[in-house]
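So the chains spell out like this:
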Number of protein chains: 2
Amino acid sequence: MVVPRLIERKRDGGTLTGDEWRELITRFTAGQVPDYQMAALAMAVFYRGLAPDELSALTDAMLGSGDRLHFKGEARPRVDKHSTGGVGDKTSLLLAPMLAACGVVVPMMSGRGLGHTGGTLDKLEAIPGFRTGLSLAQTEQQAREIGLAMIGQTAEIAPADGKLYALRDVTATVESIPLISASIMSKKLAEGLTGLVLDVKIGSGAFLPEPERALDLARTMIALGTARGCPTVALITAMDRPLGVACGNALEVVESIAGLRGEGPADLMAVTFALGVEMLLLAGLDSDAAAARRRLEGVIASGAALDRFRQMVAAQGGDDAVVDHPDRLPTAPVRVDVLAERAGVVAQVEPRALGRAIIELGGGRREVTDAVLPDVGLEVQAKPGHTVQRGDRLAVIHARSRDAADAVVATVRAAIRIGDTLPDILPLVAWRVTSAGASRYGDS
Amino acid sequence: MVVPRLIERKRDGGTLTGDEWRELITRFTAGQVPDYQMAALAMAVFYRGLAPDELSALTDAMLGSGDRLHFKGEARPRVDKHSTGGVGDKTSLLLAPMLAACGVVVPMMSGRGLGHTGGTLDKLEAIPGFRTGLSLAQTEQQAREIGLAMIGQTAEIAPADGKLYALRDVTATVESIPLISASIMSKKLAEGLTGLVLDVKIGSGAFLPEPERALDLARTMIALGTARGCPTVALITAMDRPLGVACGNALEVVESIAGLRGEGPADLMAVTFALGVEMLLLAGLDSDAAAARRRLEGVIASGAALDRFRQMVAAQGGDDAVVDHPDRLPTAPVRVDVLAERAGVVAQVEPRALGRAIIELGGGRREVTDAVLPDVGLEVQAKPGHTVQRGDRLAVIHARSRDAADAVVATVRAAIRIGDTLPDILPLVAWRVTSAGASRYGDS
């Protein structure tokens, strides 16, 4: 195998064979193909894409580079959810316990925040004592016992993806639909799932803002999952504004607990239920959306979902008293209100800018190696379409100091634009995508 | 400077500032920008190209990374020639002494063969004792004294280019017109020239077979040279068949010496004179092509050009007796004729396949680290358009053993295709390109 010839072929629009991808990934993982060759190849893939067979081979090679969950003899369905990331999106914290309470096993592997988007692991770690670094064996055991485990990517799973992703991150080759798909699916397929629901965000705060590209990513991942015995469905959801009110690690845990009590913001609950319905349908526990929805409402009303959350926190070393006393979570010492400077209609609440403000406050990461503060963040009460009077509260900044809060006031204010007419906003759930095709959400 | 952001900008079709290119090259040369980032950037440049200001900054940064020839107080014109490479192209071996004999200083820096194309350094080193590894100080002194020096790229000249080229070579990012242009011109501009002639090949055996791309490369390099006080002119010449008869290191030296005696093959001499005329015009020694041509014929007829060649061989440690006794050059022990299997018209003599046969015989390189044999190669008597009878000799294989010769007979035979009608071939010199534009050769 002469690597420059493989790069050249891809560069010029050709395809590599499955064997070539497999050998390439094996040798790359073993350190026998240098980073500079893989970086050049990744950039060529950025421009040229991957044929379906190439994508399959790459995904399987990365999956095969590591270990996986097996769930031998486990009869219950196992369903996970993956989101492409956003601001204020804490649906994972609600869905895992809700689905577990319904009898679905949820072995959920999540990531950390980077750039303007938050990460499930950072949120969970805002709970004192909570450990996300479980081994695969511990994860499987816990998921069998209490129906859910929420962990970070371990070195045991898809190490080839870990190495390739780190390289892509520093070579501007992240934003490639086939490479994103292979990266996500190689990890998700290692969870031993019977079904997977994807939440692909669109809008200004999304990784892929345009619906066409988001649909493309969804279709690509659905094809990969479905062909590998993991039926996969995607919802295309709105990230042109934050989801819910709380944005920031501990703040989002508080809002998640409220959601599990049936007291979450309407938009957060709507997306959570929509995703949860798809998870239940994939699990085969319900055959129609209305029944699935009722089941989800039931586990919230009964407190069963909140109980599962409490059990998980305890099982993973966290202080489970936070569930009944969210004030035990870290709290920022300074709160500063951001008030409307004029009357009008909220025209835009720009998630990317708000995400930058959270980074500025210390609650997010510029670089993967940055530490994050659990307590800081924003509560963003303003939603596009709200009518506001001068002096109304739009958001609350939670900061470590008055200076830190003052430093982001202008950013937060600029992110919440007040106009005179009702804005165009994206439907909360825009599309539903299955292996059969895409349809407007609610049409099918 | 955040390198991934620079890569991303180029990837998405934007431009880097001159300062960004300068800092990038400085830091890359110092080992502070890792190869994998430069490889990804080079691939992005492959697809996106470089704006004129970017190309200038990159070229200047690579030029400025090393030392250069100065020729302080040297009043004579200094002109070099650069070819994009081909099979049987030994014009450098003729032109350097011819121009020196005319009173032009030729400080010629050349490369080694790679792939199907031969390299001037390998040919010269077929002369016993010949050294191409002169320092810049030695080169300048010799060029002042005898009017010419023929050397390899030293570590003193454009080390940034050396490092970047090595990386491009293993990441399939060589074939980028702006990167090729910056690479060539950063080295040529270090020679302290007053003029430069480019021989840009087209046709199946050329690095860039299509005339449009060759013209683009020529225009790009001409703009770079001209803007930097080095007037540059290009001829676009044919590499759809080998140039001359001899293909292989020592064989080409023999043919070059014959050419310097006025006994070279017609096609070789035509291209040599065409290039030499441009060199003399740039040097300002003649003001029209006819006068320049007569001057070149004069230095061959008088033996002055051959004398310069002899002086250079001696000055660079070579056995100058080869000039009068070419049989002192290394000779392969086995010669095998390739005969026509049918009567007809030679329809094609494919240089790429012949170049591969030479590599097979040991006379060329697959990898830069390969050693080459001086004595092996091909004499290709067949030219497109020749009428041949069955049994006529098409070529002679010069090999180390009968087995080695037999192993390439089929390749050589397949490369020399015999048909029934006169083939379309490229004009030996197709275009002349100056900073004023391109015109069909002979039209201006």
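Residues numbered from 1 in each chain as written. Chains lettered and ligands numbered in written order. Predicted model: local features only at pLDDT ≥ 70, side-chain atom pairs only at ≥ 80, totals over all residues. Heavy atoms only, no water.

Student: For this particular structure, what's the right way to read the relation of the copies chain A and chain B?
Tutor: The operation relating the pair of chain copies consists of a rotation about an axis and a translation along that axis. Superposing chain A onto chain B takes a rotation of 179° combined with a translation of 0.0 Å along the rotation axis, leaving an RMSD of 0.1 Å. In short, the pair behaves as if placed about a two-fold rotation axis. Identified as the residue of chain A closest to the rotation axis by C-alpha distance is Tyr36(A), at 1.9 Å. (Least-squares fit on C-alpha atoms with pLDDT ≥ 70 in both.)

Student: How do you make sense of the sheet that holds strand 9 (residues 377-380) of chain A when you look at a structure like this?
Tutor: Hydrogen bonds between backbone groups are what pair the strands of a sheet, and the pairing can be parallel or antiparallel. Residues and elements named next belong to chain A. Pairing is antiparallel in the open sheet, where four strands are placed in the order 6-9-11-7. Both outer strands of the open sheet, strand 6 (246-247) and strand 7 (334-339), are each paired with one neighbouring strand and no more. Pairing between strand 9 and strand 11 (residues 393-399): four bridges, direction antiparallel. If you follow Leu378 over to strand 11, its bridge partner there is Ile397. Packing of helix 15 (residues 351-361) onto the sheet brings it into contact with strand 6, strand 9 and strand 11, and relative to strand 9 it is tilted by some 145°. (Pairing = 2+ DSSP bridges. Helix = DSSP H or I, 4+ residues; strand = E, 2+ residues; numbered from the N terminus. Contact = heavy atoms within 4.5 Å. Axes fitted to C-alpha atoms, helices over the stretch in contact; angles between N-to-C directions.)

Student: Sorry if this is basic, but what is going on with the packing of helix 2 (residues 18-29) of chain B against helix 4 (residues 52-64) of chain B here?
Tutor: If you want to describe how two helices pack, look at the angle between their axes and the distance between the axes. Residue and element names in this part refer to chain B. In the contact formed by helix 2 and helix 4, the axes pass within 8 Å of each other and the chain directions differ by 30°. In terms of their interaxial angle, helix 2 and helix 4 are classed as roughly parallel. For the pair helix 2 and helix 4, the sense of crossing is right-handed. Between helix 2, through Gly18, Trp21, Arg22 and Ile25, and helix 4, the contact on the second element is made entirely by Glu54, Ala57, Leu58, Ala61 and Met62. (Parallel < 35°, antiparallel > 145°, perpendicular 65-115°, else oblique. Left-handed = near helix turned anticlockwise from the far one by under 90°.)

Student: Explain the sheet that holds strand 4 (residues 195-202) of chain A to me, please; I cannot follow it from the model alone.
Tutor: All names here are of chain A. Strand order in the open sheet formed by five strands is 1-4-5-13-14, and the pairing between neighbours is mixed. The open sheet has two edge strands with one neighbour each: strand 1 (79-83) and strand 14 (437-440). Neighbour-to-neighbour, the strand axes of this sheet turn through a mean angle of 20°, independent of strand direction. Here strand 1 pairs with strand 4 via five bridges, running parallel. Each bridged residue has a counterpart across the sheet, and for Asp80 the counterpart in strand 4 is Leu196.

Student: In this structure, what is going on with the packing of aromatic side chains? I would like to understand it.
Tutor: Aromatic ring pairs are defined here through the distance separating the ring centres and the angle between the ring planes. In this structure the tally under the stated criterion is three aromatic pairs over all chains. Summarising the aromatic geometry, the rings of Phe46(A) and Tyr47(A) are spaced 5.2 Å apart at their centres and angled 85° between planes, so their arrangement reads as edge-to-face. Members of the aromatic cluster, connected to one another through ring pairs, are Phe46(A), Tyr47(A), Phe46(B) and Tyr47(B). The ring of Phe28(A) is capped by Lys163(A), whose NZ or CZ atom sits 4.5 Å from the centre of that ring. Directly above the ring of Phe273(A) sits Arg293(A), whose terminal nitrogen or CZ lies 4.2 Å from the centroid. (Phe/Tyr/Trp six-rings, centres within 6.5 Å; stacked < 30°, edge-to-face > 60°. Lys NZ or Arg CZ within 6 Å of the ring centre and 35° of its normal.)

Student: So what exactly am I meant to see when it comes to the packing of helix 5 (residues 91-102) of chain B against helix 14 (residues 304-315) of chain B here?
Tutor: Residue and element names in this part refer to chain B. One can describe the packing of helix 5 onto helix 14 by two numbers: an axis separation of 8 Å at closest approach and a directional angle of 110°. Taken together, the axes of helix 5 and helix 14 are roughly perpendicular relative to one another. Together, Leu93, Pro97, Met98, Ala100 and Ala101 of helix 5 and Ala304, Ala305, Arg308 and Phe309 of helix 14 make up the contact between the two elements. Here the residues of the contact of helix 5 with helix 14 sort into eight nonpolar, no polar and one charged. (Nonpolar A, V, L, I, M, F, W, Y, C, P; charged D, E, K, R; others polar.)

Student: In this structure, what is going on with the environment of Leu63(B)? I would like to understand it.
Tutor: All names here are of chain B. For Leu63, the position within the fold is in helix 4. With a relative accessible area of 10%, Leu63 lands in the buried category. When the C-alpha atoms of Leu63 and Asp161 are compared, they prove to be 8.0 Å apart, with 98 residues separating the residues in sequence. Setting aside residues up to four positions removed in sequence, Leu63 forms contacts with Arg68, Ser186, Leu189 and Ala190. (Buried < 20%, exposed > 50% of the residue type's maximum accessible area, 1.4 Å probe, protein only.)

Student: It is not clear to me how the side chain of Ser256(A) should be interpreted in this structure. Could you clarify?
Tutor: Relative to the elements of secondary structure, Ser256(A) occurs in helix 11 (residues 249-260). Beyond its immediate sequence surroundings of up to four residues, Ser256(A) is in contact with Lys90(A), Leu93(A) and Leu94(A).

Student: Hey, could you run me through the confidence of the model for chain A in this one?
Tutor: Caution is warranted with low-pLDDT regions, since their predicted coordinates should not be read in detail. With 100% of its residues at a pLDDT of 70 or more, chain A has an overall mean of 96. We note a pTM of 0.87 for the whole complex and an ipTM of 0.85 for its interfaces. (pLDDT = per-residue confidence, 0-100.)

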